[in-house]
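Architecture at a glance
One-letter residues, chain by chain:
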Amino acid sequence: MHIRGDHAELVVGGRLDVRSAADARTVLHSAVDDGAGDLVLDLTELDSWDATGLGVIMGAHRRAGRCGRRLVLRGVPPQMQRLLVATRLHRILAIEGGIAAESLPWV
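Every value quoted in this text rests on a predicted model; they were computed, and no experiment measured them. (Residues numbered from 1 in each chain as written. Predicted model: local features only at pLDDT ≥ 70, side-chain atom pairs only at ≥ 80, totals over all residues. Heavy atoms only, no water.)

With that settled, the discussion passes to the overall build of the protein chain. A tally of helices and strands in the protein chain yields three helices and five strands. On C-alpha atoms alone, the protein chain measures out to a radius of gyration of 13 Å, which is about the 13 Å that the 2.2 N^0.38 rule sets for 107 residues. Taken over the C-alpha atoms alone, the protein chain extends approximately 40 × 30 × 20 Å along its principal axes. For the protein chain, with 107 residues in total, the buried portion stands at 44%. Element-wise, carbon and sulfur atoms account for 51% of the exposed surface of the protein chain, whose accessible area totals about 5600 Å². (Helix = DSSP H or I, 4+ residues; strand = E, 2+ residues; numbered from the N terminus. Rg over C-alpha atoms; globule rule 2.2 N^0.38 Å. Buried < 20%, exposed > 50% of the residue type's maximum accessible area, 1.4 Å probe, protein only. Areas by Shrake-Rupley, 256 points an atom, 1.4 Å probe, with all protein chains shown as cover.)

Summarising burial for strand β2 (residues 9-16): six of the eight residues are buried, a large majority. Pairing analysis gives four bridges linking strand β1 (residues 2-5) to β2, with the strands arranged antiparallel. Considered in β2, the bridge of Ile 3 is made with Val 12. Counted along the chain from β1 to the antiparallel partner β2, the turn is three residues long. Examined bridge by bridge, β2 and strand β3 (residues 38-49) share seven bridges and lie parallel to one another. Note that in β3 the partner of Gly 13 across the bridge is Glu 45. With helix α1 (residues 21-34) bridging β2 and the parallel β3, this β-α-β connection has right-handed handedness. (Pairing = 2+ DSSP bridges. Right-handed = clockwise from strand over helix to strand, strands pointing away.)

So, on to the environment of Leu 71. With respect to the helices and strands, Leu 71 occurs in strand β4 (residues 70-74). Expressed as a C-alpha distance, the spacing of Leu 71 and Arg 82, which sit eleven residues apart in the sequence, is 19 Å. Every residue in contact with Leu 71, bar those within four places of it in the chain, is listed here: Leu 39, Leu 41, Ile 57, Ala 60, His 61, Ala 64 and Ala 94. (Contact = heavy atoms within 4.5 Å.)

The next subject is the side chain of Asp 42. Mapped onto the elements, Asp 42 comes out in strand β3. One buried charge, Asp 42, has no salt-bridge partner; the nearest side chain with opposite charge is Arg 74, at 4.4 Å. Within the structure, Asp 42 has its side chain in polar contact with the side chain of Thr 44 (distance 2.8 Å). Once you skip the residues sitting within four places of it in the chain, Asp 42 turns out to touch Glu 9, Leu 10, Val 11, Val 12 and Arg 74. (Lys, Arg positive; Asp, Glu negative; His and termini not counted. Salt bridge = Lys/Arg side-chain N within 4 Å of Asp/Glu carboxyl O. Polar contact = N/O pair within 3.5 Å; in protein donor to acceptor, adjacent residues only side chain to side chain.)

Below, the discussion takes up unusual backbone geometry. In this structure, Arg 88 takes a positive phi of about 65 degrees despite not being glycine. Looking at Arg 88, the relative accessible area reads 48%, which means it is partly exposed.

This is the structure:
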């Protein structure tokens with residue numbers, strides 16, 4: 001897993017899973033704490049995530065809210081969009097451009 005960027009936009013690539021969760025959490029929390037306004041999390045280079053990785057993103061979302069910021073997901077891959085819909089987290093997380101229609105089971 002790799003994360004690059006600053007306190008306004010981060011690009012996450014590789015696998016966001018139990019092995020990379022601690023490092024990802026540290027980087028995301030620092031970015032949230034050191035910035036202002038929206039924090040864009042670009043996931044276009046993300047290959048996969050597991051429940052732990054999703055938990056890291058949700059933790060960053062909650063932390064951003066407590067700091068008066070908003071975590072915005074960009075470039076969410078289709079399979080991950082389906083997971084967000086299945087868990088109904090698409091209703092909680094800000095997703096740039098919304099969810100693609102093919103990710104919605106009722107369309």
